[in-house]
Amino acid sequence: MKQKALAKQKTEKYAEEIKDFKMKAEKYRMQAEDNEKSVRKYKAQLERLEEEHALSKQELANARDREKQSAKMLAEMKATNAARAEKLKMERDNNQSSAKRSEKRSLANLREAQAMDANASLPKDSSGMQVDLKKSNSNSSRPRLVSLKTDCNLRSKPSGSSSKMKTLSRGEKVFVKKYKSSWYRSYDSKTKQSSGFISRGCF
């Protein structure tokens, strides 16, 4: 009887130990599942971070490419603008030089005409009638009073390509003297100085 009691006690003791082991095993199993879930979670986070890192790396590369392209475009625009500015400056300087040369030529021509005709005398406008240049060649060295048949340009030189000084109106009376070919020198009635050149077709 005593042995049976001891055996029963041992059996009950082992059963309790087995029960404890099972409880611990279940606890460890649950912990293992939790750990596995955590591992999967951390693995997913790691994959997402790797993807974000790769995306950020690609965006950084794209940004650097855009920066290089922008720098290249900026340099090209600066060079183009500098060339345009230099061209405009040269054109402005050339225009100013041309204007100055034209002004000097006009002044030189005017002074030459004034020097050549400083003593020219003008007839008085007493009749108010047109003078026909084809008639009466007597005293042809003196200026004559004529009436313009059409609007006419007063030019700085006896040439249709020379600069226009002003436009005279049709019917206006002017003093002229033949200069050469079909060009006549015009004179100011007050100052008696040459004021420019008029084409024969205006009379």
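What this report covers is the structure whose coordinates are included nearby. Please read these numbers as outputs of a predicted model, since none were measured by experiment.

**Focus: the overall build of the protein**
- A tally of regular secondary structure across the protein gives 1 helix and 6 strands.
- When the helices and strands of the protein are read in sequence order from the N terminus, they spell out α-β-β-β-β-β-β.
- Per-residue burial over the protein gives 16% buried out of 203 residues.
- Across the protein, every contact between residues at least 6 apart in sequence was considered, and the portion connecting residues at least 24 apart equals 48%.

**Thoughts on the state of the cysteines**
- Tallying each qualifying case throughout the model produces 1 disulfide.
- Disulfide partner of Cys152: Cys202, at an S-S distance of 1.9 Å. Between Cys152 and Cys202 the sulfur-sulfur dihedral comes to about 65 degrees; the bridge is accordingly right-handed. One end of the pair, Cys152, is in strand S2 (residues 152–155); the other, Cys202, is in the segment after strand S6 (194–199), and 50 residues separate them in sequence.
- The exposure class assigned to Cys152 is buried, which follows from its relative accessible area of 4%.

**Side note on the nonpolar core**
- Listed in full, the 11 residues of the largest apolar core are Val146, Leu148, Cys152, Leu154, Leu168, Val174, Val176, Tyr184, Ile198, Cys202 and Phe203.
- Contributing elements (two or more residues each) for this core: S2 and strand S4 (173–180).
- When near neighbours in sequence (up to four residues on either side) are disregarded, Ile198 contacts Cys152, Leu154, Leu168, Val174, Val176, Ser182, Trp183, Tyr184, Ser186 and Phe203.

**As for the pattern of salt bridges**
- Under the criterion given, the structure shown has 4 salt bridges.
- Between Glu33 and Arg29 there is a salt bridge, with the nearest N and O atoms lying 2.4 Å from each other. Here Glu33 and its partner Arg29 are both found in helix H1 (residues 2–116), 4 residues apart, which amounts to about one turn of the helix.
- Judged by relative accessible area, which is 36%, Glu33 ranks as partly exposed.
- Note on Arg29: relative accessible area 38%, which makes it partly exposed.
- One salt-bridge network, held together by shared partners, links Glu26, Arg29 and Glu33.

**Regarding a negative patch on the surface**
- On the surface, Glu12, Glu16, Glu17 and Asp20 cluster together to form a negatively charged patch.
- Tracing the sequence through the fold places Asp20 in helix H1.
- By relative accessible area, which is 38% here, Asp20 ends up partly exposed.

**Notes on the pairing of strand S5 (residues 183–187)**
- The buried count for S5 comes to 5 of 5 residues, which makes it a mostly enclosed element.
- Alternating positions in S5 separate into two faces, Trp183, Arg185 and Tyr187 on one and Tyr184 and Ser186 on the other, with burial throughout.
- Pairing geometry for S4 and S5, over 5 bridges, is antiparallel. Note on S5: the bridge partner recorded for Val176 is Ser186.
- Count of turn residues in the S4/S5 antiparallel hairpin: 2 residues, of which Ser181 carries a positive phi of about 50 degrees.
- Here 5 bridges tie S5 to S6, and the two strands are oriented antiparallel to one another. In the sheet register, Tyr184 faces S6, and the bridge partner there is Ile198.
- Between S5 and the antiparallel strand that follows it, S6, lie 6 residues; Lys192 among them carries a positive phi value of about 60 degrees.

**Side note on the packing of aromatic side chains**
- In total, this model carries 2 aromatic pairs according to the counting rule given.
- For the ring pair Tyr184 and Phe203, a centre distance of 5.4 Å and an interplane angle of 80 degrees mean the geometry is edge-to-face. Taken together, the residues Tyr184 in strand S5 and Phe203 in the segment after S6 connect sequence positions 19 residues apart. Each of the two residues, Tyr184 as well as Phe203, counts as buried.

Conventions and cut-offs
Residues numbered from 1 in each chain as written. Predicted model: local features only at pLDDT ≥ 70, side-chain atom pairs only at ≥ 80, totals over all residues. Heavy atoms only, no water. Helix = DSSP H or I, 4+ residues; strand = E, 2+ residues; numbered from the N terminus. Buried < 20%, exposed > 50% of the residue type's maximum accessible area, 1.4 Å probe, protein only. Contact = heavy atoms within 4.5 Å. Disulfide = S-S within 2.5 Å. Core = buried A, V, L, I, M, F, W, Y, C linked by side-chain atoms within 4.5 Å. Salt bridge = Lys/Arg side-chain N within 4 Å of Asp/Glu carboxyl O. Patch = residues over 30% accessible without salt bridge, like charges linked within 9 Å, V, L, I, M, F, W, Y side chains within 5 Å. Areas by Shrake-Rupley, 256 points an atom, 1.4 Å probe, with all protein chains shown as cover. Lys, Arg positive; Asp, Glu negative; His and termini not counted. Charge placed at Lys NZ, Arg CZ, Asp CG, Glu CD. Pairing = 2+ DSSP bridges. Phe/Tyr/Trp six-rings, centres within 6.5 Å; stacked < 30°, edge-to-face > 60°.

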